[in-house]
Each structure stands twice: as C-alpha cells, then as structure tokens.
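# Results of the structural survey
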Amino acid sequence: MKNVFLPNSIEEFRQIWSAVPDAVLMAGGTDLLVSLREGKTKVKNIISLERISELRHIDCSGGEILIGSLVTHQQILDAPIIAEALPVLRQAASLLGSPAVRHMGTIGGNICTASPAADLLPALYLLDARLELHTERTKRTVPITDFIIGPRQTSLSEGEFLYRIRVPIPVPNTRAYYFKVGQRKALAITIASMAALLRLDTDMTVLEGRFSWGSVGPTVLRFPETEKILQNQKLSEPLLKEIGEKSARLTEPISDIQASADYRRMLVSNFPLRLLQAEKYTGSNGKK
Amino acid sequence: MTEALAPIGTVLTRSDASAKVQGCEKYAADYYPQGMLWAGVKRSAYAHAKILRIETSKAVEVTGVAAVLTSGDIRGSNRVGVPEMDQPVLADDKVRCKGDPVVLVLAENKKALELALEKIEIDYEVLPAVFDPREALKPDAPLLYEQRPGKNLLLSGTLERGNGAASLKDCKFVVEGRFKLPWQEHAYLETEAGVAGINSEGILEITASTQTPFRDRNELSHALGLPADKIRVTAPYLGGAFGGKDGITVQGLLGLGAMHSGDRPVKMWTSREESFLSSTKRHPAELHYRLGCTQDGILLAMTCEVVLDTGAYAALGGAVLAMVLEHAAGVYRIPNVFIEGFCVYTNNSVASAFRGFGAPQGLAGIEQMIDLLADEAGIDALKFRLKNAVNRGDTTGSGVLMSNSTGIISCLKKVQRHPLWINRQDWVNNAPAFKKRGVGTAAGMQGTGYGPVILDIANAKTELLPDGRFRIYSGVADMGQGNNPTNIHIAGEILNQAPKDFELLQPDTGSCLPSGSSSASRTTFSFGNALIGACKNLKERILTRACNLMMGAYFENLLLARGKVLDMTSGREISLQAIASSMTEQERISIFSYIAPAAKHPESVNSEIRFLGFPHRIFSFACHLALVEIDELSGEIEVCDYLACTDAGRILNPQIYEQQIHGGIVQGMGYVLWEDFRIHNGDVLCRNLATYILPTAVDIPDLQSLAVETEETGPFGMKGVGEIGINLPYPAISNAVAQALGRRIYEGPLTAERVLKCLNSNPTGGKSED
Ligand SMILES: Cc1cc2nc3c(=O)[nH]c(=O)nc-3n(C[C@H](O)[C@H](O)[C@H](O)COP(=O)(O)OP(=O)(O)OC[C@H]3O[C@@H](n4cnc5c(N)ncnc54)[C@H](O)[C@@H]3O)c2cc1C
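Residues take numbers from 1 onward in each chain, read along the sequence in its written order. Just so you know, chain letters begin at A and ligand numbers begin at 1, following the order they were written in. For this predicted model, a pLDDT threshold of at least 70 governs which residues receive local features, and a threshold of 80 or more governs which side-chain atom pairs are given and counted, while totals over whole chains, interfaces and linings are taken from all residues. Just so you know, side-chain values use all the structure's heavy atoms and leave hydrogens and water out.

The next thing to look at is the overall build of chain A. On a plain count of helices and strands, chain A comes out with twelve helices and 13 strands. Along the three orthogonal principal directions, the C-alpha set of chain A runs to about 60 × 45 × 30 Å. By residue count, 54% of the 288 residues in chain A fall in the buried class. Residue contacts are defined here by distance: any two heavy atoms, one from each residue, within 4.5 Å place the two residues in contact. Put simply, 60% of the contacts in chain A that link residues at least 6 apart link residues at least 24 apart. Calculation of accessible area relied on Shrake-Rupley with a 1.4 Å probe; when residues are assessed, cover is drawn exclusively from the protein chains displayed. If you sum the accessible surface of chain A, you get close to 13,000 Å²; carbon and sulfur atoms cover 52% of it. For this count, His and the chain ends are skipped, Lys and Arg are scored as positive, and Asp and Glu as negative. Charge placement uses NZ in Lys and CZ in Arg. For Asp and Glu, CG and CD serve respectively. Each charge class in chain A can be summarised by its mean position, and for the 35 positive and 30 negative side chains these summaries are 5 Å apart. Only DSSP runs of H or I covering at least 4 residues are called helices, and only runs of E covering at least 2 are called strands; the numbering of each starts at the N terminus. The buried label goes to any residue with under 20% of its type's maximum accessible area, the exposed label to any with over 50%, and the partly exposed label to all in between, with areas taken from a 1.4 Å probe on protein chains only.

One recurring pattern in soluble globular proteins: nonpolar side chains tend to sit buried together. Grouped together as the largest cluster of nonpolar side chains are 164 residues, with contacts concentrated most on B:L291, B:M302, B:I408 and B:I733. Per element, the largest residue contribution to this core is ten residues, and it comes from helix α9 (residues 359-377) of chain B. With sequence-adjacent residues up to four places away left out, B:L291 is seen in contact with B:L168, B:F173, B:V174, B:V175, B:L299, B:A301, B:M302, B:I334, B:I366, B:M369, B:I370 and B:L373. Side-chain atoms within 4.5 Å are what join buried Ala, Val, Leu, Ile, Met, Phe, Trp, Tyr and Cys residues into a set we call a nonpolar core. The next biggest cluster of nonpolar side chains, apart from the first, holds 41 residues, and it includes A:A114, A:L133, A:F147 and A:L197.

What follows covers the confidence of the model for chain B. Interpretation of this model should avoid reading the predicted coordinates in detail wherever pLDDT is low. All names here are of chain B. Confidence per residue, as judged by the predictor, is encoded in pLDDT with a range of 0 to 100. Summing up the model confidence of chain B, the mean pLDDT is 96 and the portion of residues at 70 or higher is 98%. Segment residues 765-770 is flagged for pLDDT under 50; beyond a separation of four residues in sequence, or across chains, it makes 13 contacts in the model. Our summary of model confidence lists the complex with pTM equal to 0.97 and ipTM equal to 0.95.

Each full turn of the α-helix corresponds to 3.6 residues, which orients residues three or four apart in the same direction. All names here are of chain A. One less than the number of residues in a helix, times 1.5 Å, gives the span that helix is expected to have. Compared with an ideal rise of 1.5 Å per residue, which puts 14 residues at 20 Å, helix α11 (residues 237-250) spans 20 Å between its outermost C-alpha atoms and is within 8% of the ideal. Turning to α11, its buried residues are E237, L239, L240, I243, G244, S247 and A248. Capping the start of α11 is the job of one residue whose side-chain oxygen sits 3.2 Å from the backbone nitrogen of L239: S236. Here a polar contact is recorded for every N or O atom pair within 3.5 Å, except that within protein the pair must consist of a potential hydrogen donor and a potential acceptor, and residues adjacent in sequence are included only if both atoms are side-chain atoms.

Residue and element names in this part refer to chain A. Should DSSP find at least two bridges between two strands, the strands are taken to pair. The antiparallel open sheet is built from five strands, whose spatial order is β4-β5-β10-β6-β7. What marks the edges here is a single partner per strand, and that holds for β4 (58-61) and β7 (139-143). In this sheet, adjacent strand axes meet at a mean angle of 25° when their direction is disregarded. When strand β6 (residues 130-134) meets strand β10 (residues 161-168), the two strands line up antiparallel, connected through five bridges. The partner of L133 across the bridge, within β10, is L162. For helices, the fitted line uses only the C-alpha atoms of the stretch in contact; every axis is such a line through C-alpha atoms, and the angle between N-to-C directions lies from 0 to 180 degrees.

Residue and element names in this part refer to chain A. Basic side-chain nitrogens of Lys or Arg form a salt bridge, by our definition, when they fall within 4 Å of a carboxyl oxygen of Asp or Glu. Inspection of every chain in the model, using the stated rule, returns 62 salt bridges over all chains. Of the charged contacts, one joins E208 and R210 as a salt bridge, the two residues approaching to 2.8 Å between their closest N and O atoms. Across this residue pair, the class does not change: E208 and R210 are buried. One salt-bridge network, held together by shared partners, links D128, R199, E208, R210, R222 and E227.

Residues and elements named next belong to chain A. For the ligand, the set of nearby residues contains 30 residues, the closest of which are L25, G28, T30, L32 and T106. T30 is positioned with one of its side-chain polar atoms (N or O) 2.6 Å from an oxygen atom of the ligand. Out of a free accessible area of 980 Å², the ligand has 84% covered by protein chains. Elements supplying a minimum of two residues to the shell around the ligand: β2 (24-26), α2 (32-37), α7 (107-113) and β10. At four residues, the largest contribution of residues to the shell around the ligand is made by α7. Residues were grouped as follows: Ala, Val, Leu, Ile, Met, Phe, Trp, Tyr, Cys and Pro as nonpolar; Asp, Glu, Lys and Arg as charged; and all remaining residues, including Gly, as polar. The residue inventory of the shell around the ligand, partitioned by class, reads 16 nonpolar, eleven polar and three charged. Being near a molecule or strand, for a residue, means having at least one of its heavy atoms within 4 Å of it.

Okay, here's the thing in structure tokens:
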C-alpha cells in the first residue's frame, strides 16, 4: 500500500517530510507515475505538492523572472510576463507533450527529472537559470548547470527540494529560439533540440550568440568555445554551418529507439541554419 | 413531436454517439461481473523453446490465487485459428514466439495475480530460432512445426499470365524495385478484453471484444472440447479492432478459466504492453518487382515476388497472401505477368488481418513501380495510370475480371481535374528555403468479401415487437465504424420508421444468427442486404396482416407509416401495436439469408490461393493525391494537402462514409510515415505508445474526400468503404516524397531519419536552394 500525503502549505509539507523522510515528491506526476507503472521506481510514501499554492507563482523582481517549481507548462504558456520577457521558454513549453500533459506537468518536475531530452532545459541553460533549493533548515541557489549532473541525476541532497527557478531577463534586443525534432509534432520525446540566443546589431553583426543542445549528451550541453566563433561576425549561412558542425563533433549522442546517434549529430549540424530561416523571416515580414 | 425520418443518402446522427461521448457505452473491458476473478497469463520468455517442466506449486500457494492452469487442463484440441488450427490456447510441447501464453492464473485481485505469475517457474530447452522469412525457407532453417510437410512455408502461390517474365524483353522501358514494408500494429484504444462464466444451465458465456463471435464459438468448441451449443459468445461495441480482433484473442483463455474457476466469472484485459507483445500485426512484406511498358506507355509485362512474414502461427496469413497477389498488379491491364508469393512462418510475433488485408502491401509495391515507370517513359504519372486502368469487363494484371461496377477511371479523372493537381507545379516551385516539395498520386482497389470458394453469407433477423416497435438482431459486430447505426438506417428506410423505433441487439450467438465476420469491407454489404430482405418480408407480413384486420383493405393500397398502417383509399389506420398483438411470436420475426456474389471466372492460380479468397468479384476503387513538404534540415515530412477520390458505390450516410475515408487515410499515413513496429530477434522493441508512433491530430492535414458513386449490388447501390482508404497513402506519399527528394526510399516507414540520411547521401540533395 502506498501512502499519498497532500500538504496544503509549505509548513505542512515540511512537517510531513520530516516525519516520512523516505517519501518521494510528486508535482504533476507525469514522469513519476510513468516510472512507477514501469516498476522503475519503488516507493512507499508519496508527498504530492499540488495543493501548495505558494509554489505556483510566477513573479518578476530585480531583473529576474521567478517561477515557482509547481508552475505548469500551461501556466508558462498563459503568463503574459513569460511571453514578454522569456519568449523562448514559452516556445519550449508549447512544444512539450500535449495539452493534457502541459496542464499536469510542471517546470520543477521537468528540471528534477533531469532528462537530457527535457524540453524546458535547453532554454533554461541558455538563459543561465538558477535554482533555489530548500531544505527544512537551509536555502541555497545554484546554477542549473551545477544542479543537473547526469542523465536523471541531480545534486539534490537529502531533504532538499526545488523551491523556485530564477531566470535573468535577457538584455533588450536579444532574440531566442527553441527548435526541436521529435518523431511527430506533438507528444514526442525530443530526438535533438537546440535553444539559441542572438543579440544582433542592425547590420546583422552578432554581438552575442549562445547555443544549448538537448538530447545529444548526458545533460543539456553548451560549448562556450564554439559560441565565440560568432562574436562580431555577420550572421551568415557558412558561419551557422560551422557552428553546427563544430558543435556536432562535441556532442555525445546515443542511439536509442527514437533515433540513431548519427541522425542526432546531423540534426545538430543543421539546427543553426534554422536561425537564418527565422531571422530572414523576421527581416522580411517584420512580424513574429 | 415528429421524429424526422432519415432517408438513405443523408446524414443520420449515429445512434451510438451519445452514449459513447458520455462515456456510458459498455465495452467488453467495462464488464465487472459480481464475484469475478482476474485472469492473466505467464508468457514465454523465449522465441523458440521446448517446455521441459512447469512448476506451479509456489504460484498456487499465493494468497488469493484460485487456479493455476496449464495445457494439461485443456480437454479439447488446445488449438485455435482458421483455416489452419495451429495456435495453442496454452503452449504445450513448445513455445514459438516471445509472448506465447504458457500458464493461466486466476486470482482474486491483480496483485495476487502478478505475484503468482512471477512465482511460476518454467524450464525451457532453448531451440534455434529464425526471424527472417527468407532464412526460414532455407533447407537447414530451424523448424517451427517439425511435422509440417511444407516446413516453414505456410503457403505459396503463383500467378502466370500471357508470356510471363519473357515479355519483359519486348518492353521499351523496364524498371525494377525492391520494397521493404514494416510491421504495423493495430493499436486500438480498447486492448483485448472480455469476461466469461458458466451460467446456471451449464453454458459457457463469453462477452468479448471480437469481430467474429460466431466463428469464435466454433473455434472454442474445438479447442476447449465443449459442444458449440454449450458456448455462447456476445460482442458488445468494440473499442476498435481494425482486423486485430478477427479471431480469438483472450477468448480461449477466458473460456478455460471459467471452466476451472469454481463457478465464478473471470475477467481478462491486457495492458498496452501485453497487447503489443501478444496481438497480431500487419504482415511485413518484401516485394521485388519488374515492370515494363511500350514506347507509348502501355503496360506490357510485370514480375513480382512477394515474401510475407506471418510469424509463429498461421492466423489469416494465407488469406492475406492471396490478397497481396490479387492486388499486386493494381488496377491495370497487364497482359504478361508472373507473380509469386510466399507466406512464411518465423519466430516473430504473429501477423494476421489488418484493415486492407494485404491490399496495402500489394498497392504500396505496384503504385510506386507505376511512378518509376512513368518517369522512365517520360509520361505524367496520372496520364500513365489513365492509359492503363481497367474498365468494367477488363482483366487486371493479376487475372481478376472486373465484372462489376468499376469506377477507377472516374476517380483518376476527378483527381486530374482537381485544382490541387492542376496547380501542382506552381506549388512545388514555391517551396520556401530549406524545404523541398513533391506531389504524388496512387490508385488502387479493395476486394470485398471472402472470394470464390468460401461463401459470404449473412443471416439477418428482425422482429416486430409487441409494442409496435422493431428489433434488429445483428449478426455482425460494430468495432466503432458504425455498422449498428447503419443497420438502423437501412431498416428504417425499408420499414419507413424513425431510428428511435428500433432497438438493436448486438451479436449474441444465443439469439442472433451467424453472419460472418466484421471484416473484408463486407459487413454492410452482406449483412445489410440480408437485413433488407428480412425487413421487406416483415413489411409484407405486416401489410398482409393489416388486410386481415382492416376488412375491405387491399394490400396495394396500404402504406406502412411510422407506428401504423394507413389505407390510402379510406384514410383508415391501424397501429403496428395492434398488428403485432394479432401475431404469434413466430410471425413477428423475420429471417433472411443473403449470399454475396462470388467470382465465377476460371482459375488462374493454385487451388489453395483460390480457397483463401482469390479472386474477388466486387471492388471499391480510389485515387489519392498527396502534397508533401520535406524539411531539408531535419528530414521531417509534412503532408500539406491530401485528396481522396473514392468509388465505394452509393453513399448511405455521408458522415459515416467520410469517417471511414478519413480514418483509413490517417492509419495509412501512420503506416508510411511513423508506425515502425520494430521486432528484433523476436523481441518486441516497441513496448508501448511512447515508442510506437501513431499520428496525432496535429500531424494530419485537412483531408478532402470526393466520391464517385457507381451503382453496385450492396444495399441501395453501395460497396464497402471500410478499407479502401488505407490502401493508398503509402504509395501516394512515397511517390510525393520521391519526387521531392529526386530519389526513392525503398524501406518504410519514411521516418525523418531515413529521409535526412537519404538527403545527405545525395550529393545534390543536401544543399539548400539559395
Ligand atoms: C505523455 C507524456 C508526454 C510527455 N512529453 C514531454 C515532452 O514533450 N517534453 C518533455 O520535456 N517532457 C515530456 N514529458 C515528461 C513530463 O511531462 C515533464 O518532464 C514534466 O515537466 C514533469 O513534471 P511533473 O510535474 O509531472 O513531474 P513529476 O512526475 O511530478 O516529478 C518528476 C520528478 O521530479 C521530482 N520533483 C518534482 N517536483 C520536485 C520539486 N519541487 N523538488 C524536488 N523534486 C521534485 C519528483 O520526485 C520526480 O522524481 C511527457 C510525459 C508524458 C507522460
């Protein structure tokens, strides 16, 4: 028999968790329940966080967007502040799962599952998100790159949970994109993905370029050396190709039932060209 | 309030819609009889192994376990399947594929069931296994059935016409192609499910999700050793089937369980994973073609070799092979032909019926060959098809005489006149950066019914109820496609009553009459014709009785109206209730048998292939058009527009007709683009719906469906529409993709990975346009 606890507040949650320290946390359950059904995870006690409204807020303060760990993907889609300040996160959420999954699944769950294929992660890596981790007594804030240490592995210590995600608002005139390839258009596990951020001068000279790569390594990957290639260069097809090809060589994809490692590398090589497509589109139509 | 009658040819809201959308329709999986036990099976862990010992004692001891049964507990032959009875209910001497059921457990709850299944120990002697049908045909291949004279060859067939292969050398243009088609999983919403119990009269009652309740009863009688009159099978609405429930799934296990449950009902319902492991699939196929034509594009010669992997048991594999051969030359006049087919046992999952029943495989081959050849001859693909397509009276390359309505040329012309076709070049030329566009067509047909030897008989029964309403005793299961509402529609038209005046009893071997399977595009054709006969007889009986009751009335002046009979000359009326009360039960019931027309022309094929259905007499036809856009950066294919022109005879209900066309196309798109059911060394790699990729709503474009309504001998001029839609997305989309890429991918499905690899291996194909 499994016990499921449903605390109504953070205080109640802390009390329960210290009484049943072996309990597993559940947010939307869209990862946890799948893994329980497959027998991959065995648990006796579950603490469901769904009633703790404090964890469901999206705020803006001090140049940062603060997103509670229980914020659902649908909330990310619906929040005007996200659309305005972090459109790339919104774009990633829009490509995640299906309407049902987006209503149940949360940003905290997506991060704590720590799957290299998780769709919000490339955007969070790109934006240098930091995570507020709480225990009953302690609070710490760590960069997301330090939090996720391997496939399905995090640096959460015992009794620690993800309280909130802090995302710095990018400086004006940056554009960011998320591109994903899955086996179909919805309800698709990511085969490979790229989030990219560009700050361009009016003549298309790149002031800053960042790239993060999903599902082509043990965690989401960034290659700062490769990013530098762009600096002060004009955005062009050969340049983007170079970024793609160099990055592809640095990735460490696996072959699985969704796709081969080869195909994943090919996607990485090609992804940056999508930026050209997207930037051209913006240029000629002035929309999007 | 007047209840509107719904004339044939107009939309009649489905009588099953309301209950289904409200979630109150009771499917087989929804039955939880009082005091029931859960049934579950221990399945084979090996693809091929001898069973040395089965140790059940630890399982028996688990609290809550009611029975642990092995093949030794089966009194009958322990074999099911038609026509070849080769599949054990529980494996006896050996297992032939992973997932073979070996031990049946009955338990109070699922926990106890699972625990007991874990505690069963089976000692196997692992045998060499074979997973490739060509390997299985080699003389030294491991044998699945040591005693079979044909060894691993289930069935082969040869069709030879004219000078056969020799005529290829007389052709101006010849092309060759080898195609590899994947397995396809039915993936119905409702996995295999049912309940069973022995009633107070000692009758084994089974309610199951089945397309074949009457055939099931006969097979169960044989396998379990019970007389057929001691078995009753009922088939409520199915939550989908597509051929995957054409025959026994859990029924044998349920029956066996109920016979050893201490008079308690038993229930079995497979999980998605178990369903994927144990259910049948569409036959994977290898096709090798040569096709040639004259200078003017007139088809002259064809050779084709077909190899089907039927897996560990025959199921309907032989009949599927017959259908592949019949459809392998498509809708064309080809005078010189040599077609050869092999259906082979392997230690893979069992392949059997799947919507289209072999036609999708045959047409995927020939229709891609036609495009290759048209290209080679420099003739527009649609013109090429029009030059060679059959009219009524012609014989196809496979030797099938088109004796009945043949609307393929009208379908082709309808596509040719459509703006999507006329403006195709502009559309292709306007592909955006990093995109390639292509347009493809395909044409084909779908044979209806069981073929020339096995009679396609339906027996309908209708009753005038004491209250003046009517009851239809359906002999054919409704898998979701709408047979039941259509039967009410048909009966309503003949008896001039509103849909509400009918109740419909779903197939029940205890009270309905055997009418064959719900399959083969024949369900409405055959049962509908029988129903018309039964309703007409009943109508005549009602009017005759009205003459008896209304003195001075004459038959020809009487009108059967809603709830009453009206004498048009006098204006007098008599209610149907009054008429019913004057009748004995026998008089109120009308029965009619209908036998579908079968092909009579002389045989051009071996007798086994003929027995298994070659050739058909009545065909539906279609021509499809697909417009695709390929992303050069990822290989992803987007189907942007899709048009189907279909000749399935007259339309009874435009809504249900369109649903069948749309559903068929979507399932066909899944077949060609996404549904890669992978089995490796007998291991099912696609364990669930996360790894078996079915299309979602956003993957499918708006579908356009146009009808060519030829007149046929089905009810009100109809022909079957349930399967034709699935036959052509494979070749139409493959042809469009080939046009876009400038080269063809011969192995399906056309996943983005295959497309990108193809693009990257092509020196010109990988470059963007600018
Ligand atoms: C059908 C389906 C489709 C999907 N499609 C996608 C997709 O396209 N892209 C994608 O990225 N994902 C997808 N997912 C995975 C999943 O929906 C997401 O990862 C989702 O964001 C998980 O959130 P959740 O709230 O449901 O997590 P849960 O399942 O509740 O939790 C996941 C894990 O995180 C832990 N956890 C949750 N919250 C906290 C917290 N606050 N502190 C510490 N630990 C915590 C849990 O203990 C658990 O180990 C899909 C899932 C399903 C079932």
